[in-house]
Structure formats: C-alpha cells, structure tokens
Amino acid sequence: MYDFELVKPASLAEAVKAMGDDGAQALAGGQTLVPTMKQRLASPERLVSLTGIAELQGVSAAEGRVTIGAATCHADVAAKAAAHYPGLAALAGQIGDPAVRNRGTIGGSLANNDPSACYPAAALGSGATIVTNTRDIAADDYFQGMFATALEEGEIITAVRFPVPQAAGYVKFAQPASRFALVGVFVARFADGVRVAVTGASNNGVFRWAEAEAALSGDFSADAVTGLTVPADDMIADLHGSAEYRAHLVGVMTARAVRAAG
Amino acid sequence: MPKDGGIGASTKRREDMRFLTGKGRYTDDINIRGQVHAHFLRSDVAHGRINGIDLSAAEAMPGVLRILTAADFAAVGGIPCGWQVTDRHGQVMQEPKHPVLADGKVRHVGDPIAMIIAETYEQARDAAEAVLVDITELTPVLDMKAALAEGAVKVHDDLTSNLCYDWGFVEENKAAVDAAFAKAAHVTTLELVNNRLVANPMEPRVAVGDFESHSDQYTLYTTSQNPHVIRLLMGAFVLGIPEHKLRVVAPDVGGGFGSKIYHYAEEAAVTFAARLVGRPVKWTSSRSEAFISDAHGRDHVTKIELALDDENNFTALRTDTYANMGAYLSTFAPSIPTWLHGTLMAGNYKTPLIYVNVKAVFTNTVPVDAYRGAGRPEATFQLERLVDKAARELGVDPVDLRRQNFITPDMFPYQTPVAVVYDTGNYQATMDKLLEISDHAGFEARRAESATRGKLRGFGIAHYIEACGIAPSNLVGQLGARAGLYESATVRVNATGSISVYTGSHSHGQGHETSFAQVVAEMIGIDANQIDIVHGDTSNTPMGMGTYGSRSLAVGGSAIVKATNKIINKAKKIAAHLLEASEADIELKDGKFAVAGTDKSVDWAGVTLAAYVPHNYPLESLEPGLEETAFYDPSNFTYPSGAYGCEVEVDPDTGKVQVLSFAAADDFGNIVNPMIVEGQVQGGLAQGIGQALLENCAYDGNGQLLSGSFMDYAMPRADDLPMFTVDHSCITPCTHNPLGVKGCGEAGAIGSPPAVVNAVIDALQRAGHAHVTHIDMPVTPARVWAAMNG
C-alpha cells in the first residue's frame, strides 16, 4: 500500500468539498478498494471516508418505498429492511461473509459496479433510484457496463430509493472460490409488471432480461420461464464457467428466484 | 496405563492451548533487534531473457540498504536438488542450474530477480518498483507434450531438451506387460489429469537471517518441516557455511502439507544478506507471493490401461504419465512421480505385471514437488478411477471387482511387481468395515429419496495403499536420494525424573508434542505431563530428516522408542545397584523398578536422582547421568491402506456436486492417539475433497496464473464438507517397527479424490448419462454440466 491521506468528513457537504481536491477517492466500506490498494493496484492520494457521515446512514420506509443511506452496511440492510422489503434484506444477508457484511456498504457496491456483485441486481431489478449529492439517477440509466456507472467525477451516492414490489426473490449461484455471483438473478413483481435483473453473467455487467420479464408479467411462475434462453454471446467465460454455462444458469436461477419470491 | 494417557489414549493435544489462544510462536512472530526487511522483485512474465537490470534509481530510494541480483550470488552455489533419478536408458536426469536469483533468464511468473533490502518493508517494496529490468519476452513452455516436441522452445538453454527424464518401471517387464495386453479379454483405458494444486498452509513462508560477526555464527529462522535438511542443503551446498556455524530454527510454522520441506532461494538469500548488510534480514511472503513461489503439487497427465482375462482377473497394468516439474527441480521433485508413484501402482491388487512410464518435463511454471501424499495420490487416483471404469464396462459391481482382485491376507508379506514388499494388510476387512459404516445397504433407499427432490445420488468407492514411514536409507540411496531418511531422538532425563525428548521430527500440526509423550509415558509408566517434546532447532536436537511422508511416528517415534529403551536399560542397572539385586531381576512397571518376586522397589524419581547425584552409584561400571540418543533407520516402508466411500448428490440443473457423506475405514496399524488420528484423517479428507471438487491451479496461455488468489483458487470450506465417519479399528500392525504403526497423515488426501469422482460418475450413470465415464478434477459445476450436456 502506498501512503495516502485519510479525510473523515462529518457531513455530506464536507465530503463533497473534500472530493473536489486532486487525487481524492471516496472510501465507503473499503471491501474492494482497500485490498486493491494493498496490492498497489490503486494509489489514491486522498481517501474521503463516507462511513462516518450520519446523513448517509440508515434504512427508512415511507409511501411504498424503502430508502437506504449509501453508507449503510449490508448487515444493517439485512436486519433493518427485512420488515419493509424482505427480498432486498435477504439479498443483503447473502453478500460475502459476516466481516464483509459489516463493513461493505450499498453505496460502495453500486459505485464500484462489480459485474458479479449482488446489489446491482437488486437496484436494477427493483427499478431503484440512485440518489447522489447532485441528482436522482434511475437504475436503468445508472449501470453502464462492467465497473462503469453514470456517476460523474466527484459525485457521491447519498441514498438508494427502492420501490417495494409485491414479491421479490434473489438467487445466486456462487463462484466456488470467491462466492461472488457466478450468476445471480433478482426478480421483482410489481403491479404493472415484472422486472428481472441478472448479475455475474454478462461482460456488460448487470442487465435486464426482457424476455423473462414479459413471460413472468403474464404468468409469475417458474414454469413461465422454462425453455427461455439468453444468448451466450456476451456472457463471461472464465476458469469457473463457459459463456454457455452462464447463459444456462441465467434460466435456472431465474426460475429459482421466482420460486423464492413465492 | 499412565493416568494421563499412554499409548491408545485420546489425550487432548497439549499444543492446541497455545494455537487456540493466539499464543503460538509462529515464524513471522520472530523479530530481531535491528532487523531490516527484504522484498523480492519477481518476474511478471513466464519466460524471458534478462538484458539488463538498472538499480540506480532504486538504490537511491529512502531506506534502501542494498539490492542484490544474480551477480551478487556468483560465488555461491545454486539451489540443489535432493534426488537424482536415472531413466529407462540408464541416463541420469537432466538437472538444470537453479540460481538463487534469476540469472540471464526468468523461467516462471514469480521467479525472483532482485532482492531489495530496506529499513522497512514498504520502503523495500517502493524501491522494487524503481528497479528497471529490461526483459525480452520469450515464448512460454506450458503444455507438457508440446514441450517435448522436436524443436520446442527450451526452458533451459543449456539442456538438450525440456525432458528431465524418461523413466520406465520396471523396464524389464515392459515386453511381458505388452504381451499380456495383446491377449487380454478386456482392456479398460482412461486418460486423465491430476490437477495442479497450491498447498496454502495457514502461515505463508517466512525467513529471517541473522549473522554474528564476532563468532561467524549464522542463524536462520524459517518456516520449515525439516530444519536439519535446510542446514545441510543451504549450509553445505549453497552458501558453504559449515554446520557448526549455522543454526536453523523452525518454530511453529503454521502448517506445511509438504510445501515447507524444500530449501527455497529466499532462505539462502536472507542468510547470505544478513552478513552482507550486517543486520538481521527478514522476509515474509504475502499470500499472493505464496501462490507464485511456494512449490505446487500434483500436475500429472496420464493414460492408464488395465488388462483383464475373461474371468475379470487383472492381468496387467500399463501407465503413461507426463509429470510437470515446473521451471526448476525442487528438492524432492524428481522422486515424486517415480519412486513415490510408480511403486504404488499395484495398489491393493495382485496384478502380476505392471509397467509405468513417466516423462518428467520442464515448463515455465512454478516448480512442482510433494504435496500431502506426494505421488501416492496420483497413483491411487488413476488406479481407482480405472478399476471403477472397468467394473462399469464389464457390468460388475465395483466393490466385487476390487474384492476379486485384492491381495489376500495369506499372501503377506507380498512382493509387488513394482519393487516394494507390503508387510501386512487385510483389504477385505477394510472393505467390509467401510460398507458397514457407510450403510451401503441403505444406499438405494437414499437414492430414491434424492430422486424425489430431483437430485442425482451416487456412491463412490476407492481402496488405497500408500508407502509411508519414509524410508530405508540404503534403499533410497540406490534409488537416487542424496540424503538418508533415518530419524533421531535424544531422551534427556532430568534429575527429578521429568524428561525432555529432543526429536529430529518436526511438528507443524501433527500433534507430536502430545503423541510422542504418550509413547514415552507408556514405556516408563510415568505421567505424560512429566515429558516434554522439543523439536525444530538444530542447536539442540540431533540430526533429523524432518516430517513428511507420514513418517514421524513410524520412524521418529521408533527412534524415541530406541532411545527410551536405552534409558530404561541403564535405569535398571542403577535400580539393581540401589536395590542390591541382580539387573536381570529388575522389572519396570508403572514407573517403579521392583525386584521380581519381592516387595523391594525404587521409584522412577529415585533412580533418576541417583543418576545425577551419584553418591550411592556403581561409578566403576556405569557413567552418571541419564541421557541417551538413538537413530532409527527403517528396514521397509510402512503400508497403510483403507477403503473410502463417498455419497454425493448432483444437481442436474446446475451440475453442482454436494458431498453428503464420507466414510473412511483405515488400517494404520497400531494407534497411539485415536483422536489425533481421526483429526489427521479428517484434515486429509478435506484436502482430498478440495482437490476433487474445488482446487484448480491453472495457467493461461501466456503462463500467467489464473488462480493466483483465493478469489479464484477455491479452498474447501466447512460448508463444502459433510460430517465424516472415520474408523480405524481394522488393525494389521506393521511388522518391522517397534510400535507396529504405519502412519496416518496423508491417507485422507490419498484415498478421497477417486472416491468423490467415482461417486459423481455413479450418480450420472445411474441417471442415464451413460456417456459420462470420466470428469477431470476439480469436478466443478461447470464441468459436470458440460459433461452431462456434451
């Protein structure tokens, strides 16, 4: 790890100001950034810690929406969102291990947009709104490919607003080593239709599976997606599975996510 | 039995208190006043020519004391190999130079190029980034068969090819084996890969070198399984330091699994550098560094064939194996695919004719050497997969085909056609025990229940034999070992009767401190708490060969028995004097020396005190004191064996394999501490299941390690494993060591991989996937799915 300066702002305003400095990098739970720095693959001069800012913390529910402060750790979401949005809480409770869940944050996960992370599936599958210090971004506009998002330089996620669906389920097939999602599928049924978001599988990061959405909007059952396939062309192929295998798992995990949604 | 447990007691491991409460003294816990830190700049390409190294910027960096490259080691030797194999043509193996730091070429990702010594670790790392290495990348040699093709790029320019040796065993049998195949009623053939593994002990390697100029005394603290071997190899062959001026200490080392047997370049480098910079020099491997610098294990590509007659008797076996040596020859690398592999190809079977061919190949990968089981898992895996495949082809029960061809109890001692002589065993008994403890009779009902949940259940079996208790020195000398393989012990009895036992065996998880004490406690009849086991420091233990090959109790324990017997014999003389009786009439029982047929006795402490306060003592005929040393050199290997059974469920939608149960029925001969034995078996099973289902050390086409961290290298975790059913009640004691023990450290890792894969194949075939006859390890979900849909 290289030397760096650690800034611990007490308010969002201070954080935004600190992020304006050269070489500044937002630090949330650090579950990706810190190991990357330890490997000397990242060398920010200044880390702006967001986890000590009270206004970025917490889970609240109102008017059919659950709003989660960006610096809320996964364990807190798993515990505090359960009553309001059980599908989301269940997903948060499956991320990583207890150490990761007590350090990693929803804002950090969405800002990083790892193609195998769980939260992008929940945000896209729920049609969430990513709230930043400057604007609201619809999930459909936010995710722009592997590790790429709509965030501007210095822009800080402050909260994520989830519309609460009638039913939702998330099932992931774990990569055997990292236990990130080899393929993870989040299914959410709303009054006006079903959304299906797939993580882990695609070279383009999290994506919506339109064909499954259409089928499930007509018949929200595992049988409805039987026989549907996604093309393997854009799927990730690596040590842990071929593109064809991942494409196959998208179908299997979608059916299981529907069953999990109940 | 002594009240604290002698032989046969499941005494709790005394070492666990320090391990479980954070009090272990690991190698990285050692810090010497004034020490500086070393960092190794390693090659990030698999194969390249070093055109030049510019240190000028790096040397000017803050805190830098010295930067060493190959030129600084010009006057010292290279890293030696401890075994020389002679090939089927009578030629000795090709043995490349192995410089401490890369000299002229880099030969694998991780090959050390420069050693940066600085006041702090971070300063050393910073400076490493300022070292400019001009490398011309060369085509990497990766595929073993391609490496042997005419005109292939060479890993070592000064060798004639990438072939280390072409070993045939037993060469004289080759024609007879081929003839038996020509007239076989059935031939079963299997091509398979034994996957490359990374050992991943809990503590990465550490080396701290120290030098005292006033006495010319070097000390190396290192994560080693055999400090005396390191002293000999590094002292004599690399740095030219006489043994009396070099002390090697291996304290708690956080496990080894074989990877800490070898002498590594970093050990020599820190020891050498300590004198050069006049400060103690410490190096601690990072986990990432361990992946590219610790010796790897396995990595065989094999074609194996079994010939059977029309009554399903095995008539001949033939194998053709390519064994990856990596870029250099690690300490014991040449012996693993040969003498620890070819000699086990008979397995538990009376196959009369066997021919084993092994081509050892240099590639631009990390060196490969022994890893828990070392050659024997490779032999067992191919043989037990092959027998299973033969049974399926012939339509007979895999259990029955094995039973029919087992060596029977009346055939021991049994001379195999591959040189070794099994002393004892009873394979029908271990098979019977396995079928009992695994409830084999209830399998069909369990399979039907799995089917109701849409899961495919399978049962797999494997029977293994291994050669442990390594090894008779005169024999291994003939086979090319450059060391003896005896073990040593000094038993030092203190004046008031407590005992310190100094053993040449090293303990890094095996529980020696507990079980060795039980042996001495049993022999003398005193409480085991009176006895301490001391190991891991060449300054106070007799020359020992260390711990590997399930040898410590069978060889090291036997040395302790010999030394303790010397103690008892002398103590009896002292007791006879004190009791004014004839030595022949003295009996030792429960820590008391008594005159047979009388009530006259003297207790243990009375005798030991007399030995050190010899006021009433036969000084004219007996030296004072009570301390004895013994060396034990075994007359044969030991041959643990066992039957392993695995039940799995395959999820047909994803290909995921879940191990539901695993049963092990082992014959380890006599047992000193059943609880420790069970722990050893459980650990071995976890590693074997890890190899079978999860672990995959894979390189890409450029020689970059794809699984270079735990993000991609899948270690087995608790939830990947079932509860184990372990039994060791089948006992045929070893006939040639005093304890009748065989060794248990590697069995679990040897017998389990074929049982797991056989279970997966069984599940798939029962479900109608008849075309799936083999899946290479690790049997990942993706591979199972591909096989089912292939």
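Residues numbered from 1 in each chain as written. Chains lettered and ligands numbered in written order. Predicted model: local features only at pLDDT ≥ 70, side-chain atom pairs only at ≥ 80, totals over all residues.

Chain B has the name Xanthine dehydrogenase family protein molybdopterin-binding subunit in an unreviewed UniProt entry, where Szabonella alba is given as its organism.

The name given to chain A in an unreviewed UniProt entry is Xanthine dehydrogenase family protein subunit M, with the source organism recorded as Szabonella alba.

A. Quick peek at the overall build of chain B. Helix and strand content of chain B: 19 helices and 30 strands. Here the C-alpha radius of gyration of chain B, 27 Å, is about what a compact globule of 790 residues would show, namely 28 Å. For chain B, the spread of C-alpha atoms along the principal axes amounts to about 85 × 70 × 55 Å. Across the 790 residues that make up chain B, the buried fraction comes to 58%. Sequence separation of at least 24 residues holds for 81% of the intrachain contacts in chain B that already meet a minimum separation of 6. (Helix = DSSP H or I, 4+ residues; strand = E, 2+ residues; numbered from the N terminus. Rg over C-alpha atoms; globule rule 2.2 N^0.38 Å. Buried ≥ 20, exposed ≤ 12 C-beta atoms within 10 Å, placed from the backbone. Contact = placed C-beta atoms within 7 Å.)

B. Summary view of the domain arrangement of chain B. Residues and elements named next belong to chain B. By the assigned domains, chain B splits into domain 1 (16–23 + 493–632), domain 2 (31–138 + 202–255 + 260–293) and domain 3 (296–471 + 636–788). Its C-alpha centre places domain 1 at a distance of 40 Å from the equivalent point of domain 2. In this assembly, 14 residues from domain 1 lie in contact with 14 residues from domain 2. Across the side of domain 1 that touches domain 2, the residue classes tally to three nonpolar, 10 polar and one charged. (Domains from an automatic or database assignment. Nonpolar A, V, L, I, M, F, W, Y, C, P; charged D, E, K, R; others polar.)

C. Up close: the sheet that holds strand β16 (residues 314–326) of chain B. Residue and element names in this part refer to chain B. Read across the open sheet, the five strands follow the order β7-β17-β16-β15-β8; overall the sheet is mixed. The open sheet has two edge strands, β7 (163–169) and β8 (186–194), and neither has a second partner. Within the sheet, the average angular offset between the axes of one strand and its neighbour, ignoring direction, is 10°. Two elements, β16 and strand β17 (residues 354–362), share nine bridges in a ladder whose sense is parallel. Considered in β17, the bridge of tyrosine 322 is made with lysine 359. Strands in contact with helix α9 (residues 376–394) are β8, β15 (300–308) and β16; relative to β8, the strand with the most contacts, it is inclined by about 140°. (Pairing = 2+ DSSP bridges. Axes fitted to C-alpha atoms, helices over the stretch in contact; angles between N-to-C directions.)

D. Geometry of the packing of helix α14 (residues 512–524) of chain B against helix α15 (residues 552–579) of chain B. Residue and element names in this part refer to chain B. As a packed pair, α14 and α15 sit with axes 10 Å apart at the nearest point and diverge in direction by 35°. As for how α14 packs across α15, the hand of that crossing is right-handed. Of α15, the residues touching α14 (which contributes His512, Ser515, Phe516, Val519, Val520, Met523 and Ile524) are Ser552, Leu553, Gly557, Ile560, Val561, Thr564 and Ile568. Of the residues that constitute the contact of α14 with α15, the class distribution is nine nonpolar, five polar and no charged. (Left-handed = near helix turned anticlockwise from the far one by under 90°.)

E. Here's a closer look at the confidence of the model for chain B. Taken over all residues, the pLDDT of chain B has a mean of 97, while the share at 70 or more is 99%. Confidence metrics for the complex model read pTM 0.97 and ipTM 0.96. (pLDDT = per-residue confidence, 0-100.)

F. Spotlight on the interface of chain A and chain B. Each partner contributes residues to the interface: chain A has 13 residues there, and chain B has 17 residues. In terms of residues, the side of chain A that touches chain B owes the most to one element, helix α10 (residues 243–261) of chain A, which gives four residues. For the side of chain A that touches chain B, the class distribution of residues is seven nonpolar, six polar and no charged.

G. Fine view of the environment of B:Gln680. Residues and elements named next belong to chain B. Examined against the element boundaries, glutamine 680 turns out to sit in helix α17 (residues 674–693). Classification of glutamine 680 by C-beta neighbours within 10 Å gives buried; the count is 25. Distance from glutamine 680 to aspartate 712, taken between C-alpha atoms, is 27 Å for residues 32 residues apart in sequence. Contacts of glutamine 680, omitting those with residues within four sequence positions, involve Gln510, Cys744 and Gly745.

H. Seen up close, the UniProt feature "domain: FAD-binding PCMH-type" (unreviewed entry) in chain A. Sites flagged by UniProt as "domain: FAD-binding PCMH-type" (unreviewed entry) map to residues 1–167 of chain A. For residues 1–167 of chain A, the end-to-end C-alpha separation is 44 Å, with 32% helix and 21% strand making up the annotated structure. (UniProt positions renumbered as here; feature names shortened; annotations may be inferred.)

I. Region of the structure containing the packing of α9(B) against helix α18 (residues 747–766) of chain B. Residue and element names in this part refer to chain B. The N-to-C vectors of α9 and α18 enclose an angle of 25°; their axes lie 8 Å apart at closest approach. In terms of orientation, α9 and α18 fall into the roughly parallel class. In this structure, the crossing between α9 and α18 has a hand that is right-handed. Each of Arg376, Pro377, Thr380, Phe381, Glu384, Arg385, Asp388 and Arg392 in α9 lies in contact with α18, whose residues at this interface are Ala749, Ile750, Gly751, Pro753, Pro754, Val757, Asn758 and Gln765. Here the contact of α9 with α18 is built from residues that sort into seven nonpolar, four polar and five charged. (Parallel < 35°, antiparallel > 145°, perpendicular 65-115°, else oblique.)

J. Representation of the pairing of strand β3 (residues 46–49) of chain A within the structure. All names here are of chain A. With three bridges connecting them, strand β1 (residues 5–7) and β3 associate as parallel partners. Each residue of the ladder has a partner; that of valine 7, found in β3, is valine 48. Relative to β3, strand β2 (residues 24–27) runs parallel, the two being bridged by four bridges. Bridge pairing in β3 places leucine 27 opposite serine 49. Considered for its hand, the β-α-β crossover made up of β2, helix α2 (residues 33–38) and β3 is right-handed. (Right-handed = clockwise from strand over helix to strand, strands pointing away.)

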